[in-house]
Every structure is written in C-alpha cells, then in structure tokens.
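Working through the structure, step by step
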Amino acid sequence: MSSVAQRRGVCVVLAAAPGVGKTSVSRALLEMEPSLSLSISATTRARRPGETDGVHYFFRTPEQFDAMAERGEFLEHARFLGRAYGTPRAPVEDALAAGRDVLFDIEWQGHRQMKAILPQDVVGIFLLPPSLPDLEARLRGRGQDSEVEIARRMAAAREEITHWDEFDHVVVNRDFDRTVAEVRAVLH
Ligand code: 5GP
C-alpha cells in the first residue's frame, strides 16, 4: 500500500420507487462525472426489451443467484416483488480502493444493508416523485409493464416511500435538470 494518503471512493446510493426517474438521473450523472461508475446488479427478474445482460443487469436463474449468495459474492441482496436483486461485491471493493466513486441504483433494503456494512463510505439519496398520481402516470408512460405489474409497482412504491427518512438526502424529482444538479452537489 502506498504511504501517500489516497482518497477512498464514495458509494452513492440513489433509491426511489421505480418510475420516479432514477435511471435517467443516474445516466446523466454518469455522463457528467468521469470518476463515477455504475454498480451492475444481478437479478432473477426477466430481461425487459432493450436490456442487455452484463450492461443493465446480470440476468441469472434463481439457482445461480442463490449460489452466488452462498459464496458470499454479494455486498447486499434483497427481494423486490418476488425477485432477487444483489450487488456484486468485488467490483465495488476494487473501485473504492482505487478512489473511484460508485453509483448504486438499489432499493431501501439494499441501502440499509450497505449503510451497515460500509457506514463510512455510503451516502444515501432518496428521490421522491412530485405525487403518487404523477408516479402512476410515469409508470404507464414507460409502456413496459402490464396493468397488473403497474398495480404491483404502485403498491411497492407506497411501501418504498415510507423509508425516505433512512436516507441522508431527499430530493423531489420535479424538474430533471434541477434534480441532477442537486444529486451532483451531494456527490461533490
Ligand atoms: P427493476 O426491476 O425495475 O429494474 O428494479 C426493481 C427495484 O430493484 C428498483 O428499486 C431497483 O433500484 C432495485 N434494485 C436493482 N438492483 C438492486 C440490487 O442489486 N440490490 C437491491 N437491494 N435492489 C436493487
């Protein structure tokens, strides 16, 4: 190890109910912040149109996912709407040691675990929708999910939102550019 003190990277957890705009905000941040990289999660949920294995997620079977969990390969993992999601440990540890910042698009249970494991390294930001009807309109507008899936996601959103106070920062996503600027300010 070098004797020169090197800045350790920061873990920025961006959590929100699906549809709040988290993915667009993360994409903008990643473009603007060269030292920031996105943690790619593993999941057992089905691939959506336009998603690529190894880019959006590592799509795994429940058996493969459980084997990874048993081998201790996840920093955190949780279930969301009956499917498993987990953060692979090694890329995060390498990035932090090299002084690079990592962005996590994960839900509240994952954030809680990360805070417990890496209390010095994690900053949690919770994105809120301007209102619940607005969120429902956005979910519909994505055109990706069936009505049943939208209803399940709205129920999950109501539950997710009750955890806002576990986060260091809360940002209401009313205006996209403003939200990105606020999240960047937290990172800096
Ligand atoms: P989606 O299926 O819409 O891509 O994601 C559903 C939820 O799972 C989102 O809130 C997303 O942030 C969360 N999620 C994605 N990857 C992970 C992960 O590795 N760990 C945890 N705890 N949540 C995740």
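Figured I'd write up the structure that's included with this text.

Reading the values: rules and limits
Residues numbered from 1 in each chain as written. Predicted model: local features only at pLDDT ≥ 70, side-chain atom pairs only at ≥ 80, totals over all residues. Heavy atoms only, no water. Helix = DSSP H or I, 4+ residues; strand = E, 2+ residues; numbered from the N terminus. Rg over C-alpha atoms; globule rule 2.2 N^0.38 Å. Buried < 20%, exposed > 50% of the residue type's maximum accessible area, 1.4 Å probe, protein only. Contact = heavy atoms within 4.5 Å. Areas by Shrake-Rupley, 256 points an atom, 1.4 Å probe, with all protein chains shown as cover. Lys, Arg positive; Asp, Glu negative; His and termini not counted. Charge placed at Lys NZ, Arg CZ, Asp CG, Glu CD. Near = heavy atom within 4 Å. Polar contact = N/O pair within 3.5 Å; in protein donor to acceptor, adjacent residues only side chain to side chain. 1 Å grid on protein atoms, 1.4 Å probe; cavity = no way out; pocket = protein on both sides within 12 Å on 5 of 7 lines; lining within 4 Å. Sits in = over half its atoms within 2 Å of the grid points. Nonpolar A, V, L, I, M, F, W, Y, C, P; charged D, E, K, R; others polar. Pairing = 2+ DSSP bridges. Axes fitted to C-alpha atoms, helices over the stretch in contact; angles between N-to-C directions. Left-handed = near helix turned anticlockwise from the far one by under 90°. Salt bridge = Lys/Arg side-chain N within 4 Å of Asp/Glu carboxyl O. Phe/Tyr/Trp six-rings, centres within 6.5 Å; stacked < 30°, edge-to-face > 60°.

1. Looking at the overall build of the chain
If you tally the helices and strands in the chain, you get seven helices and nine strands. Taken over the C-alpha trace, the chain has a radius of gyration of 16 Å; the compact-globule value for 188 residues is 16 Å, and the two agree within 12%. Summarising its shape, the C-alpha atoms of the chain cover approximately 55 × 40 × 30 Å along the three principal directions. Each of the 188 residues in the chain was classed as buried or not, and the buried ones make up 45%. Counting only contacts in the chain whose residues sit at least 6 apart along the sequence, the fraction spanning at least 24 positions is 67%. Of the roughly 9,900 Å² of accessible surface on the chain, a fraction of 53% belongs to carbon and sulfur atoms. Computing the positive centroid from 24 side-chain charges and the negative centroid from 28, the chain places the two 2 Å apart.

2. Description of the site of the ligand
The ligand sits among 17 residues. The nearest are S41, R45, Y57, Y85 and E107. Separating an oxygen atom of the ligand from a side-chain N or O atom of S41 is a distance of 2.7 Å. For the ligand, an oxygen atom lies 2.5 Å from a polar atom in the side chain of Y57. Computed on the free molecule, the ligand has an accessible area of 510 Å², of which 95% lies beneath the protein chains in the complex. Put simply, the ligand lies in the largest pocket. Secondary-structure elements contributing two or more residues to the shell around the ligand are β5 (74-80) and β6 (83-88). When the residues that make up the shell around the ligand are grouped by side-chain class, the tally is six nonpolar, four polar and seven charged.

3. Here's the deal with the sheet that holds strand β7 (residues 101-105)
The five strands are arranged β2-β7-β1-β8-β9 in an open sheet whose pairing can be described as parallel. Bordering the open sheet on either side are β2 (36-38) and β9 (169-172), each of which pairs with just one other strand. The mean angle between the axes of side-by-side strands here comes to 25°, regardless of whether they run parallel or antiparallel. Relative to β7, strand β1 (residues 11-15) runs parallel, the two being bridged by four bridges. Looking across to β7, one finds that C11 is bridged to V102.

4. Thoughts on the packing of helix α5 (residues 132-142) against helix α6 (residues 147-161)
At a minimum axis distance of 10 Å, the contact between α5 and α6 shows a crossing angle of 140°. The two elements α5 and α6 meet at a crossing, and its hand is right-handed. Across the interface between the two elements, L132, L135, E136, L139, R140 and R142 from α5 touch E147, I150, R153, M154, A157, R158 and I161 from α6. In terms of residue class, the contact of α5 with α6 is made up of seven nonpolar, no polar and six charged.

5. As for the pattern of salt bridges
Using the criterion set out here, one finds 17 salt bridges in the structure. Ionic pairing is found between E51 and R45, a salt bridge with its closest N-O pair at 2.9 Å. Look at the salt bridges and you will find they share partners, linking R83, E149, R152 and R153 into a network.

6. Let's talk about the packing of aromatic side chains
Applying the stated criterion across every chain yields a total of five aromatic pairs. Ring centres of F126 and F167 lie 5.0 Å apart, and the angle between their planes is 45°; this geometry places the pair in the tilted category. Of the two residues, F126 sits in strand β8 (residues 122-128) while F167 sits in the loop between α6 and β9, which places them 41 residues apart along the sequence. Of the residues examined, F126 reaches a relative accessible area of 0% and is grouped as buried. Connected via pairs of aromatic rings, a cluster forms that spans Y57, F59, F80 and Y85.

7. Digging into the pairing of β6
Buried residues dominate β6, accounting for five of its six residues. Judged from the two bridges that link them, strand β3 (residues 42-43) and β6 form a sheet pairing that is antiparallel. In the sheet register, A42 faces β6, and the bridge partner there is G86.

What is shown is where atoms sit, not what they do.
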